[in-house]
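Coordinate inspection notes
Each chain, written out:
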Amino acid sequence: LKATVFDDDIQRVSFRVRFPDGSRSNFSPGTLSDTRGDLTTWTFDVDSAQKGLYGYRIEMRDQSGNVVRYPETSVVVEGGGGGTGGGGGGGAELFVEFVVADSTADLVSAARADISTLISDHPTNLAAKFVRMAFHDCVGGCDGCIDLTNGDNFGLEEPIDALAPVADKFA
């Protein structure tokens, strides 16, 4: 894992990892690997022998001992498991998620499953909105860019925002 920090007051960056089996490491200090002015890069090696969904959090400490965590400290998760942070009710840690797989085909299958779940669990007809979004993307060339200032693209924020966590997870 790598964290690049744009603040020369940061004295230490630590990482916490959630493994595919649900276990979590303690916050462990990263290694300062590069410094350029206010820009510092910290790294942390993760044993990614397990295939599946990983997550990480970053804790940054400045010269005064103040702590900032990314993502923010916690969210309330209603009911059982699922979603970012996972776990039961009460406060649950947020993690930035990423997938380790044996092959590209496994990643595509996992992304497809996440999108299918997103469509079936969403209160509106996301499937139709995804088709409309793909059409509007391909007007003038399929480049993954949609100009949201163009009035013809009104309403496409919803499917774009819905796909953002999937894109982040598999990017």
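Just so you know, these numbers come straight off a predicted model, no measurement behind them.

Two strands pair when backbone bridges link them, and strand β1 (residues 2–6) and strand β5 (residues 39–43) are joined in this way by 5 bridges, in the antiparallel orientation. From the neighbouring strand, Lys 2 faces β5, where its bridge partner is Thr 43. Counting the residues between successive antiparallel strands, the hairpin from strand β4 (residues 31–36) to β5 contains 2 residues, one of them, Gly 37, with a positive phi of roughly 65°.

With that settled, the discussion passes to the sheet that holds β1. Strand order across the open sheet formed by 3 strands is β1-β5-β4, with antiparallel pairing between neighbours. Looking at which strands have only one partner, the edges of the open sheet turn out to be β1 and β4. With direction set aside, neighbouring strand axes in the sheet form an average angle of 20°. Of the pairings in the sheet, the one linking β4 to β5 comprises 5 bridges and is antiparallel in character. Considered in β5, the bridge of Leu 32 is made with Trp 42.

Note that soluble globular proteins tend to have their nonpolar side chains buried in a common cluster. One finds Val 5, Val 13, Phe 15, Ile 58 and Met 60 to be the most contacted residues of the largest nonpolar core, which totals 14 residues. Mapped by element, the contributors of at least two residues to this core are β1, β2 (10–18) and β6 (52–62). Of all hydrophobic cores here, the second largest spans 5 residues; its members include Leu 126, Met 133, Leu 156 and Ala 162.

Mean pLDDT over the chain stands at 81; residues scoring 70 or higher make up 88%. Per-residue pLDDT, averaged within each element of the chain, yields its smallest value for strand β8 (residues 74–76) (38) and its largest for strand β3 (residues 28–29) (92).

On to the state of the cysteines, then. Throughout this description, disulfide means a covalent bond between two cysteine sulfur atoms. By the definition in use, this model includes 1 disulfide. Disulfide pairing is shown between Cys 138 and Cys 142; the S-S distance is 1.9 Å. Taking the sign of the S-S torsion, 125° for the link of Cys 138 and Cys 142, the bridge is right-handed. Cys 138 gets classed as partly exposed once you look at its relative accessible area, which sits at 36%.

Attention now moves to the pattern of salt bridges. All told, the structure shown has 6 salt bridges when counted by the stated rule. Asp 114 serves as the salt-bridge partner of Lys 169, at 2.5 Å between the closest nitrogen and oxygen. Here the residue Lys 169 occupies a position in helix α3 (residues 157–170), and Asp 114 occupies one in helix α1 (residues 104–121), the gap between them amounting to 55 residues. Take Asp 114: its relative accessible area is 24%, and that puts it in the partly exposed class. Ionic pairing is found between Lys 129 and Glu 158, a salt bridge with its closest N-O pair at 2.4 Å. Here Lys 129, found in helix α2 (residues 126–138), pairs with Glu 158, found in helix α3; they are 29 residues apart in sequence, far enough to count as distant. Glu 158 gets classed as partly exposed once you look at its relative accessible area, which sits at 28%. The structure contains a network of salt bridges with shared partners spanning Glu 59, Arg 61 and Arg 69.

The next subject is the packing of α1 against α3. Taken N-terminus to C-terminus, the directions of α1 and α3 make an angle of 160°; their axes are 10 Å apart at the nearest point. When the axis of α1 is compared with that of α3, the two are roughly antiparallel. In terms of crossing hand, the pair formed by α1 and α3 is right-handed. Together, Leu 107, Ala 110, Ala 111, Asp 114, Ile 115 and Leu 118 of α1 and Ala 162, Leu 163, Val 166, Lys 169 and Phe 170 of α3 make up the contact between the two elements.

This brings us to a negative patch on the surface. The grouping of Asp 7, Asp 8, Asp 9 and Asp 38 at the surface amounts to a negative patch. Within the secondary structure layout, Asp 9 lies in the loop between β1 and β2. On the accessibility criterion, Asp 9 (35% relative accessible area) is partly exposed.

Calculation notes
- Residues numbered from 1 in each chain as written.
- Predicted model: local features only at pLDDT ≥ 70, side-chain atom pairs only at ≥ 80, totals over all residues.
- Heavy atoms only, no water.
- Pairing = 2+ DSSP bridges.
- Helix = DSSP H or I, 4+ residues; strand = E, 2+ residues; numbered from the N terminus.
- Axes fitted to C-alpha atoms, helices over the stretch in contact; angles between N-to-C directions.
- Core = buried A, V, L, I, M, F, W, Y, C linked by side-chain atoms within 4.5 Å.
- Buried < 20%, exposed > 50% of the residue type's maximum accessible area, 1.4 Å probe, protein only.
- pLDDT = per-residue confidence, 0-100.
- Disulfide = S-S within 2.5 Å.
- Salt bridge = Lys/Arg side-chain N within 4 Å of Asp/Glu carboxyl O.
- Parallel < 35°, antiparallel > 145°, perpendicular 65-115°, else oblique.
- Left-handed = near helix turned anticlockwise from the far one by under 90°.
- Contact = heavy atoms within 4.5 Å.
- Patch = residues over 30% accessible without salt bridge, like charges linked within 9 Å, V, L, I, M, F, W, Y side chains within 5 Å.
- Areas by Shrake-Rupley, 256 points an atom, 1.4 Å probe, with all protein chains shown as cover.
- Lys, Arg positive; Asp, Glu negative; His and termini not counted.
- Charge placed at Lys NZ, Arg CZ, Asp CG, Glu CD.

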